[in-house]
Amino acid sequence: MKKLLVKNMVCNRCKTLLEQEFAKAGISIHAIELGEITFKDEGDIDEAAIEKILKSNGFEWVRDTAEMIIENIKIELISTINNDTLAEVDNISKYLSKRLNKEYSVLSKMFSRKEGITIEKYYIHLKIEKAKELIQMDKLNFSEIGYRLNYKSSSHLASQFKSVTGMAMGQYKKLQQWDRKPLDKIM
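One structure accompanies this document, and this report is about it. A quick note: this is a predicted structure, and the numbers were derived from the prediction, not measured. (Residues numbered from 1 in each chain as written. Predicted model: local features only at pLDDT ≥ 70, side-chain atom pairs only at ≥ 80, totals over all residues. Heavy atoms only, no water.)

### Examining the pairing of strand E2 (residues 29-33)
So, point 1. As paired strands, E2 and strand E3 (residues 36-39) are joined by 4 bridges and run antiparallel to one another. When the sheet's bridge partners are listed, Ile32 is paired in E3 with Ile37.
So, point 2. The loop that links E2 with its antiparallel partner E3 comprises 2 residues; one of these, Gly35, has a positive phi angle of about 80 degrees. (Pairing = 2+ DSSP bridges. Helix = DSSP H or I, 4+ residues; strand = E, 2+ residues; numbered from the N terminus.)

### Some details on helix H5 (residues 104-115)
So, point 1. Between its first and last C-alpha atoms H5 spans 16 Å; for 12 residues at 1.5 Å apiece the expected length is 16 Å, and the two agree.
So, point 2. All of the buried residues in H5 are Tyr104, Leu107, Ser108, Met110 and Phe111.
So, point 3. In this structure, the buried residues of H5 make contact with helix H3 (65-82), helix H4 (92-100) and helix H6 (119-137).
So, point 4. In the stretch just after H5, Gly116 is the one whose phi turns positive, near 75 degrees. (Expected span 1.5 Å × (residues − 1). Buried < 20%, exposed > 50% of the residue type's maximum accessible area, 1.4 Å probe, protein only. Contact = heavy atoms within 4.5 Å.)

### A look at the sheet that holds E3
So, point 1. Across the sheet, which stays open at both edges, the 4 strands sit in the order E2-E3-E1-E4 with antiparallel pairing between neighbours. Edge positions in the sheet fall to E2 and strand E4 (60-62), since each of these pairs with one other strand and no more. Within this sheet the neighbouring strands show an average axis-to-axis angle of 30 degrees, counted without direction.
So, point 2. Examined bridge by bridge, strand E1 (residues 2-7) and E3 share 4 bridges and lie antiparallel to one another. (Axes fitted to C-alpha atoms, helices over the stretch in contact; angles between N-to-C directions.)

### Concerning the packing of H3 against H6
So, point 1. Taken N-terminus to C-terminus, the directions of H3 and H6 make an angle of 35 degrees; their axes are 10 Å apart at the nearest point. Between H3 and H6 the crossing geometry is right-handed. On H6, the residues that touch Ile73, Lys74, Leu77, Ile78, Thr80, Ile81 and Asn82 of H3 are Ile119, Tyr122, Tyr123, Leu126, Lys127 and Lys130.
So, point 2. Considering only residue class, the contact of H3 with H6 consists of 8 nonpolar, 2 polar and 3 charged. (Left-handed = near helix turned anticlockwise from the far one by under 90°. Nonpolar A, V, L, I, M, F, W, Y, C, P; charged D, E, K, R; others polar.)

### Focus: H3
So, point 1. Its 18 residues place the ends of H3 25 Å apart at the C-alpha level, agreeing with the 26 Å of an ideal helix rising 1.5 Å per residue.
So, point 2. Taken across its 18 residues, H3 has 13 buried, putting it largely inside the fold.

### Considerations on the layout of surface pockets
So, point 1. Considering only enclosed or pocket space, the second largest pocket measures out at about 270 Å³ in volume.
So, point 2. Lining the second largest pocket are 13 residues, with Val89, Asp90, Tyr123, Lys127 and Asn150 sitting closest to its centre.
So, point 3. Put simply, the parts of the chain that give the lining of the second largest pocket at least two residues each are H6 and helix H8 (154-165).
So, point 4. Here the lining of the second largest pocket takes 4 residues from H6, the largest share from any one element.
So, point 5. Tallied by class, the residues present in the lining of the second largest pocket amount to 6 nonpolar, 3 polar and 4 charged. (1 Å grid on protein atoms, 1.4 Å probe; cavity = no way out; pocket = protein on both sides within 12 Å on 5 of 7 lines; lining within 4 Å. Points joined across faces, edges and corners; volume = space filled by probe spheres on them.)

This is the structure in C-alpha cells:
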C-alpha cells in the first residue's frame with residue numbers, strides 16, 4: 001500500500017470529491033482520511049493521473065517531509081474546529097506535540113519558517129473564521145460563540161475578532177457583507 005499526503009484536503013466534502021474523481025479514473029483507494037490517501041496496490045499507481053486529479057480539484061501532493069508536518073499541523077487544528085473538539089485543546093503546544101509525536105519547539109520553528117506566521121496566530125485566524133461562520137448562522141449569541149470556540153470570556157474573543165478583522169463582531173453581523181475565507185485557504 002502507498003500513502004500520500006494531500007495539501008488542502010481539510011473537510012469531508014474534499015474526501016468525497018476525491019473518492020468520486022479517483023473512482024471515475026479507475027484508481028483504487030484503500031482509505032481516505034483528511035489530508036491522506038492510501039492506495040491499494042503500489043505497483044499499479046499512475047502518479048501522473050493522480051497528480052492531474054489532485055491539481056484539477058485544487059489539491060496538491062505533498063512530498064517534502066517538512067511540508068507534510070506542516071500540513072498535519074493544519075489538519076489537526078482545522079479538525080478541532082470542525083469537529084467541536086476545541087475543549088480538548090487547552091494547551092495548543094501540548095496538544096500538537098502529543099498528536100504529532102514531535103517536540104513543539106520543532107513544530108513551531110518549522111511552521112513559522114515555512115508559513116511566515118506562528119502556529120498560535122494561525123489558530124486564532126482559524127477560530128475567527130469559525131466565529132464568522134457562527135455569526136452568519138445566527139443561532140448563537142456572541143457569548144455562546146466564545147464558549148463554543150473555547151475562549152475563557154466573550155471579551156477575549158471580541159478583542160481577537162477586532163484585531164484580526166478590524167471590526168467589532170456586532171459590526172460584522174450588521175454588515176452582512178461576509179468575507180469569509182475557507183479554512184484551507186488561511187495562510
